[in-house]
Each structure stands twice: as C-alpha cells, then as structure tokens.
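Spelled out from the first residue to the last, the chains are:
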Protein chains: 2
Amino acid sequence: MYSSIKTPTLLLDQSRCIRNIERMVARAQRAGVTLRPHFKTHQSRVIGHWFRQAGVQQIATSSLGMARYFADDGWQDITVAFPVNLREIELIRSLAAKCRLHLLTLDEDVISQLDRQLDSPAGLYLKIDVGTHRTGIDPNDLETIDRCIEAIVRSTHLTWRGFLAHAGHTYDARSPAAVREIYAETTAPLIALKERYAAALPGVQISYGDTPSCSVMDRFDGIDEIRPGNFVFYDLMQEQIGVCTHDDIVVAVACPVVALHPQRNEVIVYGGGIHFGKDALLDDQGQRSYGMAVWPHQSSWRIAGQEVRLKALSQEHGVVSMPGGIPQEVSPGSLLFFLPVHSCMTAQCLGRYTIIPDGTTADHFAAAL
Amino acid sequence: MYSSIKTPTLLLDQSRCIRNIERMVARAQRAGVTLRPHFKTHQSRVIGHWFRQAGVQQIATSSLGMARYFADDGWQDITVAFPVNLREIELIRSLAAKCRLHLLTLDEDVISQLDRQLDSPAGLYLKIDVGTHRTGIDPNDLETIDRCIEAIVRSTHLTWRGFLAHAGHTYDARSPAAVREIYAETTAPLIALKERYAAALPGVQISYGDTPSCSVMDRFDGIDEIRPGNFVFYDLMQEQIGVCTHDDIVVAVACPVVALHPQRNEVIVYGGGIHFGKDALLDDQGQRSYGMAVWPHQSSWRIAGQEVRLKALSQEHGVVSMPGGIPQEVSPGSLLFFLPVHSCMTAQCLGRYTIIPDGTTADHFAAAL
C-alpha cells in the first residue's frame with residue numbers, strides 16, 4: 001500500500017492508536033476519574049469514533065471552531081479548554097444551544113459579559129495557574145477567585161464547574177519520577193481550593209490535564225476529571241520525558257527521497273517544516289532531531305534505533321543523517337518513515353491521515369476550515 | 001474593518017506588498033537579470049496577479065503541486081526549485097505537456113529515469129551546493145557535473161538549462177556587508193562553472209536565489225536569473241539580517257486577547273504555534289521572540305518599537321510580554337497585531353489572507369489541497 005504514496009504522508013497505525021485509547025480508558029476507570037480526552041491532538045472525527053467505541057462521551061477541544069466540528073458529529077458534552085474568546089460570542093451562543101458546553105476564564109469582566117450575551121446555560125471553569133505561568137489565576141489569589149465565583153453564582157446562564165488546570169511544565173521533566181513530583185506539587189493547591197469551596201458549593205470539580213501526568217499516575221485522589229490529549233498518538237517528546245516507548249507512537253510521516261549525499265552520509269527527503277512543524281529535540285549528545293527514522297515492516301513499521309534522524313528542516317526539505325552509511329535500498333524515489341517530535345503539530349500541518357493497515361484516510365479539522 | 005475579525009487572521013497590506021514587488025522588478029531590470037520570483041512565500045493566485053501586472057512572466061515554486069496550482073492559473077514558465085521527486089512522475093508529465101517546465105536534480109540516475117518517462121520536453125538545472133550543505137553537487141566535483149551534463153545532452157526530452165543555487169546561509173548573516181561577502185563567495189564558483197561549459201554548450205545559465213542577496217546587491221555580474229521569494233512579504237528574520245526595515249514587512253497576524261496578567265505585564269492571545277509556526281529569533285539581550293507587536297493605524301498598522309513581543313507559543317496560546325505595562329485599551333476581546341518571524345511559515349499555517357485596506361480575502365495553496 002505504500003506504493004501509492006507520492007508526497008509527504010501522515011501514516012496512522014490503527015491498532016497502536018486503539019491500544020493507547022483503551023489503556024487510558026482503563027487507567028481512568030481503575031482510578032475512578034472521568035476521562036475527558038483532549039481532541040486537539042488528533043482533531044479527527046474518525047478517531048473520535050474510536051473513542052466513542054471505547055465508551056468516552058465527554059471531550060475537550062482547544063478552540064470553539066473545533067468544538068463545533070465535533071458537536072456537528074454528535075458529541076454532546078464539550079469543554080473548550082482555552083480562555084473564552086469574546087469575539088466569538090455568536091459561536092458560543094450557538095454551541096451552548098446545541099450541546100452541554102463548558103468554558104473557562106480567569107476574568108470577572110468576561111464572566112459578566114458572557115452572562116449578558118448568552119441565552120442558554122453553559123458551564124464555566126476557573127483556570128488556575130499551577131506553575132506553568134502561561135495563564136490562569138494564582139491559586140493563592142483568593143480574592144480574585146472569590147470575586148469570580150461570586151460573579152458566576154450571581155449569573156443567570158452560567159454554572160460554576162470548578163477549577164481547571166494544565167501542568168504544562170511536566171514537558172520539561174525527563175523521568176516518570178520527575179513527572180510524579182510535578183503532579184504532587186501542582187495538584188496540592190487545587191485540592192486545597194476544592195476543599196475551601198466544597199462546603200458552600202457542593203459539586204465543585206477539578207479538571208486536570210497533560211499527557212505526562214495522566215500516563216504515569218495510577219491514582220488521582222481528589223481529582224475528578226483528567227484531560228490528556230497527546231497520549232492518543234504520543235511522540236518523540238513524550239518518549240524523551242519517559243512516559244511512552246517508541247513502540248507506543250502511533251503516527252509516522254512517509255517522505256520521498258529526492259537526493260543522496262553519500263560523502264557526508266546524508267539524504268534529502270521531501271518533508272520539511274510545513275509537514276513536520278519545527279519542534280525539535282536535543283539528544284544526549286546535544287544533537288538536534290526533528291524526527292527519528294523507522295522502517296516499513298508488515299504493513300506498519302519497526303523501530304531500528306535512534307541513529308537515523310532528521311537533523312534539519314527547511315520549508316519542504318528534510319536533511320537526514322545516516323551515520324552508518326546510506327543503505328543500498330535508499331535511492332531517489334524510495335520512501336523513508338519518521339516518527340515526529342510533536343505529533344499534535346505534525347498532524348495539524350499535514351491535515352489528514354492515511355490509516356494503516358487498511359489504507360483509508362481520516363479527516364483532520366485543519367483541512368475542514 | 002477589524003471589527004469583523006474573530007480568530008487569528010493574517011492581514012496583508014496591499015500597498016506595502018506591491019511596493020516590494022515593484023522594487024525587486026526595478027532592481028532586476030537595472031541589473032539586467034531575469035527576475036523569476038519564488039512563489040513559495042505567498043502561494044497565492046491573487047498575489048501572483050500583482051506580479052503579472054508588474055511584468056513578471058516566469059516563476060519558481062517549491063513543489064510540483066504548487067506548480068500545477070499556478071499553471072492552472074495561466075502561468076506558462078515555471079521552475080520547480082526542488083530536487084525531482086520521481087514518485088510524482090505523472091504530475092511531471094502533465095505539467096511538461098501544458099507549460100514550459102524546468103526541473104532540477106543532482107543525480108545521473110534521476111536524469112535517465114526522467115528522460116525515459118517523459119514524452120514532452122522539459123528544462124533541467126543541475127543543483128550546485130554553494131556552501132549551505134543542504135543539497136547540490138559540490139562545484140569542485142567536475143566528474144559528477146560532467147556525467148550529469150552528458151546524460152542530459154544524450155537525453156531525448158531534457159534540455160540543459162544550467163546551474164541553480166540557493167545560498168541559504170545568507171540567513172545567518174547579520175548585516176548587508178556580510179550578505180555581500182557570502183554573495184561574492186558563493187557566486188564565484190558558479191561563474192567559473194559557467195565559463196567552463198559556455199563554449200561547448202552556449203546558453204548555459206545561472207539561476208541564483210535567496211532574498212538577502214537579492215535585496216542588497218545592485219549588480220549580478222555573470223548571473224542570468226534571480227529567484228528571491230521572501231521579499232514579497234519580508235519578516236522579522238530579514239529585518240534582523242538587515243535587508244529590510246520593519247516598515248517593509250507586509251503581513252501581520254491579528255490575534256484576539258483572551259486573558260490579562262497585569263502582575264507580570266503579560267497578556268494571553270489566541271494565536272499560537274498552529275498560526276505563526278514555531279520559528280523564533282533571539283534579540284540582542286538573548287530574549288526569544290515569535291513576533292513583534294504593531295498597532296492598528298489608518299487601515300494598516302504602525303511600528304511602535306520592539307518592546308512588545310510574543311515571548312512564547314503553545315498550540316493555540318501566545319504569551320505577550322508588555323514590559324511597559326498593559327495599556328488601558330487592551331482587554332479580553334480586543335485585538336493585538338504581530339509581525340511574524342518567518343512569513344513563509346506563517347502564511348502556510350494560516351492558509352489565507354485578509355487584504356487591507358479593502359478587506360477582501362486572497363487564496364493560499366495550502367488551503368487548496
């Protein structure tokens with residue numbers, strides 16, 4: 001089936017993907033937390049159906065447009081895990097009318113503007129900054145939290161859901177132990193907040209994100225819901241953090257070879273920044289990698305070690321380092337496969353999937369815009 | 001007209017763009033070289049028409065698919081400035097039948113395979129590596145060059161066009177003087193090659209690329225054709241190299257503000273890696289920048305200094321550093337505009353343009369796939 005590939009193509013191994021989904025579903029069930037997978041990684045209705053078959057009914061998206069994309073495919077309970085964008089109020093109104101929509105903010109003014117402009121109910125989380133310092137209310141800033149909760153409670157259309165956090169700094173960890181440490185540090189203030197408000201406002205929840213934590217923790221005491229996204233595919237970044245193996249990685253980019261440079265043991269492939277994105281890893285030797293080669297094997301691929309890597313990307317070119325020499329079977333017109341550094345970005349760039357082994361294609365929201 | 005913007009939107013200032021086009025056309029005319037603009041930066045038929053109105057008839061693209069996109073819009077003379085991808089031989093055959101198509105390679109086997117499978121004439125360049133070490137034949141490897149030329153001359157359908165080079169390492173320069181030095185170093189071996197073959201094969205040409213060189217050189221002695229691409233928009237990277245001013249930059253991304261962090265003088269915008277790409281610059285203080293803020297002004301924008309910058313990007317979030325404090329008029333729901341670090345990648349990510357001042361939209365090949 002690889003013979004029909006002409007340009008850089010995102011391959012998706014269906015059995016690996018379903019295995020990752022089922023594992024996370026089982027992990028959440030064992031721990032007694034709700035799994036609300038973040039669909040920003042795959043952004044595909046076809047892959048959404050695999051989640052539905054595994055019993056998932058609640059999802060998260062990273063934009064209102066993506067929420068509409070999935071609501072139009074029958075999803076009825078959606079959290080847009082991104083601060084409310086007031087410029088899309090019309091879309092918020094229509095989504096709130098058609099599904100159980102949950103939003104998040106950290107701003108009292110946004111709460112009152114939302115309430116004034118809604119005419120259907122919506123859930124609202126307060127975003128808490130647990131140390132990533134991207135966005136969220138400082139968990140010690142009780143004055144702001146109190147004011148926001150009061151504004152939600154006063155509102156006509158909004159229901160307070162609780163606190164939502166994303167410990168994005170687990171991406172800097174380099175071992176499961178380090179991830180567990182960040183998990184403990186970042187969930188403690190959330191649990192304290194929940195205890196503070198639980199008596200007066202029963203039902204307050206904690207929604208907690210990030211694939212590294214959700215991949216290594218077996219218990220989520222005090223947490224109500226987990227929102228991992230990347231685990232559906234994993235990637236080299238997660239492997240470097242230590243929360244998946246190379247064999248858990250679900251997507252690979254097939255790239256045509258267009259030139260050989262045997263003098264420097266390098267090959268040029270058709271596959272660049274517009275296909276992979278520009279996220280890179282540094283390995284133990286400080287060498288940059290934009291992707292690791294895997295080899296076609298029995299309608300999927302096999303891992304052959306980290307030696308062959310994409311060392312540089314320009315717009316459409318990839319430079320492949322093959323320190324052991326260029327194998328005989330690699331020539332202009334042949335294909336090389338690469339696991340991506342950051343699967344969310346690579347899927348966004350390529351905008352569709354070729355599912356193996358059956359060769360059908362799956363959609364991506366990016367191509368539906 | 002900005003009031004209708006709801007999500008991250010790529011604005012294109014038409015007068016700045018036409019000014020950049022006309023300047024490069026005039027520069028090429030004064031120097032007596034052919035301008036074959038590289039359309040990989042804008043990838044837009046609408047912007048292509050502006051080039052046509054300025055008298056341009058020959059273009060370059062970075063893929064065969066992009067060549068078809070422009071051939072279908074009436075372009076008749078197209079160089080695909082990327083090594084031949086043999087897996088797309090059917091598309092090569094159909095393009096060669098409908099326009100004057102020029103390809104490039106560095107491989108004798110590719111030449112013979114191409115010739116066997118073509119049934120219309122096509123031009124062929126040899127790609128020379130002038131020091132970037134991405135791809136191309138070493139200019140001192142006369143044996144390979146001789147063999148390739150012999151194979152082209154022997155062929156039935158291929159016509160040898162000459163040598164093509166891209167001095168991509170001008171992107172590491174930090175002054176026009178440094179760019180001029182690289183230009184001199186990289187063109188000398190090309191001119192020597194041309195002289196070597198000109199007697200036996202008259203008409204041999206040199207096609208030379210890269211925006212930095214083409215923006216600062218006034219004479220291109222010995223060069224036949226220039227292939228700059230980025231100059232149509234320029235960006236912060238070109239400004240840092242010193243070959244354009246901030247005022248020459250044609251595109252800006254309008255991003256909705258979604259959260260304020262006054263304690264740390266930061267603002268969160270809806271606008272992340274999937275909108276800007278992930279190329280970054282380091283400023284003189286070693287601070288990372290993914291974009292520089294400009295301010296709405298008279299249906300375009302004005303430059304206000306480099307202080308306000310995008311300091312971090314995740315998938316959909318941008319973190320804006322405002323060291324002077326957050327201005328009163330910035331609140332959730334307002335817009336901030338940013339000049340991009342690398343306009344080619346940002347245009348690819350956003351996939352369409354909103355032209356100012358008239359508010360019409362222009363196409364991008366990425367959205368046509």
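Structure report, in brief. (Residues numbered from 1 in each chain as written. Chains lettered and ligands numbered in written order. Predicted model: local features only at pLDDT ≥ 70, side-chain atom pairs only at ≥ 80, totals over all residues. Heavy atoms only, no water.)

Here we come to the interface of chain A and chain B. Facing 56 residues of chain A, the contacting portion of chain B comprises 56 residues. In total, about 4400 Å² of surface goes out of reach between chain A and chain B, with carbon and sulfur atoms giving 55% of it. Linking chain A with chain B are four salt bridges. With its nearest N and O atoms 3.0 Å apart, the salt bridge here joins Asp-279 of chain A to Lys-278 of chain B. Summed over the shared surface of chain A and chain B, the result is 24 residue pairs in polar contact (both at pLDDT 80 or more). At the level of elements, strand E4 (77–83), strand E10 (251–261), strand E11 (266–270), helix H10 (273–276), strand E17 (317–321) and helix H11 (343–350) of chain A are the ones that each hand at least two residues to the side of chain A that touches chain B. Ranked by residue count, the leading element in the side of chain A that touches chain B is E10 of chain A, at five residues. Of the residues that constitute the side of chain A that touches chain B, the class distribution is 23 nonpolar, 19 polar and 14 charged. (Contact = heavy atoms within 4.5 Å. Buried area = accessible area lost by both parts, 1.4 Å probe. Salt bridge = Lys/Arg side-chain N within 4 Å of Asp/Glu carboxyl O. Polar contact = N/O pair within 3.5 Å; in protein donor to acceptor, adjacent residues only side chain to side chain. Helix = DSSP H or I, 4+ residues; strand = E, 2+ residues; numbered from the N terminus. Nonpolar A, V, L, I, M, F, W, Y, C, P; charged D, E, K, R; others polar.)

With that settled, the discussion passes to the side chain of Thr-211 of chain A. On the secondary structure map, Thr-211 of chain A appears in helix H8 (residues 211–216). Excluding residues that lie within four positions of it along the chain, Thr-211 of chain A makes contacts with Pro-228, Gly-229, Asn-230, Phe-231, Tyr-234 and Gln-238 of chain A.

Time to look at the pattern of salt bridges. Throughout the structure, instances matching the rule amount to 40 salt bridges over all chains. Among the salt bridges present, the one from Lys-98 of chain A reaches Asp-72 of chain A, with a minimum N-O distance of 2.6 Å. On the criterion of sequence distance, the pair formed by Lys-98 of chain A in helix H4 (residues 89–98) and Asp-72 of chain A in the loop between helix H3 (64–71) and E4 is long-range, its members being 26 residues apart. You can call Asp-72 of chain A partly exposed: its relative accessible area is 46%. A salt bridge links Arg-16 of chain B to Asp-13 of chain B; the shortest N-O distance between them is 2.7 Å. (Buried < 20%, exposed > 50% of the residue type's maximum accessible area, 1.4 Å probe, protein only.)

What follows is about the sheet that holds strand E6 (residues 122–127) of chain A. Residues and elements named next belong to chain A. Here eight strands make up an open sheet; going across it, the order is E2-E9-E8-E7-E6-E5-E4-E3 and the pairing parallel. This sheet does not close on itself; its edge strands, each paired only once, are strand E2 (34–35) and strand E3 (59–61). Pairing of E3 with E4 involves three bridges; the strand directions are parallel. Opposite Thr-61, over in E4, you have Val-80 as the bridge partner. Helix-sheet contacts for H3 involve E3, E4 and strand E5 (100–105), and the interaxial angle to E4 is about 170°. (Pairing = 2+ DSSP bridges. Axes fitted to C-alpha atoms, helices over the stretch in contact; angles between N-to-C directions.)

A few words on the sheet that holds strand E2 (residues 34–35) of chain B. All names here are of chain B. Strand order in the open sheet formed by eight strands is E2-E9-E8-E7-E6-E5-E4-E3, with parallel pairing between adjacent strands. What marks the edges here is a single partner per strand, and that holds for E2 and strand E3 (59–61). Across four bridges, strand E5 (residues 100–105) lies against strand E6 (residues 122–127) in parallel orientation. Across the sheet, residue His-102 finds its bridge partner in E6, namely Gly-123.

Superposing chain A onto chain B takes a rotation of 180° combined with a translation of 0.0 Å along the rotation axis, leaving an RMSD of 0.0 Å. The transformation just described matches what one would write down for a two-fold rotation axis. Among all residues of chain A, the one whose C-alpha sits closest to the rotation axis is Lys-278 of chain A, at a distance of 2.9 Å. Looking at chain A, 100% of its interface residues are interface residues in chain B too, so the copies touch through the same face. (Least-squares fit on C-alpha atoms with pLDDT ≥ 70 in both.)

The next subject is the pairing of E6 of chain B. All names here are of chain B. Burial of E6 is extensive: six of the six residues sit out of reach of the surface. Neither face of E6 is left uncovered, since the one carrying Ala-122, Leu-124 and Leu-126 and the one carrying Gly-123, Tyr-125 and Lys-127 both have all their residues buried. With helix H5 (residues 108–117) bridging E5 and the parallel E6, this β-α-β connection has right-handed handedness. As for the winding sense of the linkage, the β-α-β connection from E6 through helix H6 (residues 142–154) to strand E7 (residues 158–165) is right-handed. (Right-handed = clockwise from strand over helix to strand, strands pointing away.)

One pass over the full model with this rule turns up three cavities of 30 Å³ or more. In this model, the largest cavity occupies a volume close to 70 Å³. Considering the residues around the largest cavity, the lining is formed by Ser-62, Ser-63, Leu-64, Val-80, Phe-82, Pro-83, Val-84, Asn-85, Glu-88, Leu-103 and Leu-104 of chain A together with Tyr-270 of chain B. Residue assignment for the lining of the largest cavity shows that the elements contributing at least two residues are E4 and E5 of chain A. Residue contributions to the lining of the largest cavity peak at three residues, all from E4 of chain A. Broken down by class, the residue content of the lining of the largest cavity amounts to eight nonpolar, three polar and one charged. Quantified by volume, the second largest cavity comes out at close to 60 Å³. The leading source of residues in the lining of the second largest cavity is strand E4 (residues 77–83) of chain B, at three residues. Split into classes, the residues belonging to the lining of the second largest cavity amount to eight nonpolar, two polar and one charged. (1 Å grid on protein atoms, 1.4 Å probe; cavity = no way out; pocket = protein on both sides within 12 Å on 5 of 7 lines; lining within 4 Å. Points joined across faces, edges and corners; volume = space filled by probe spheres on them.)

On to the packing of aromatic side chains. For the coordinates displayed, the defined rule picks out 30 aromatic pairs over all chains. Aromatic pair Phe-82 of chain A and Tyr-270 of chain B: ring centres 5.2 Å apart, planes at 55°, arrangement tilted. Here Tyr-270 of chain B lies in strand E11 (residues 266–270) and Phe-82 of chain A lies in strand E4, a pairing that spans two chains. Of the two residues examined, Phe-82 of chain A and Tyr-270 of chain B, each falls in the buried class. For the pair Phe-163 of chain B and Tyr-197 of chain B, a centre-to-centre distance of 5.9 Å together with 50° between the ring planes defines the contact as tilted. (Phe/Tyr/Trp six-rings, centres within 6.5 Å; stacked < 30°, edge-to-face > 60°.)

The quantities given are spatial measurements derived from coordinates; they are silent on function.
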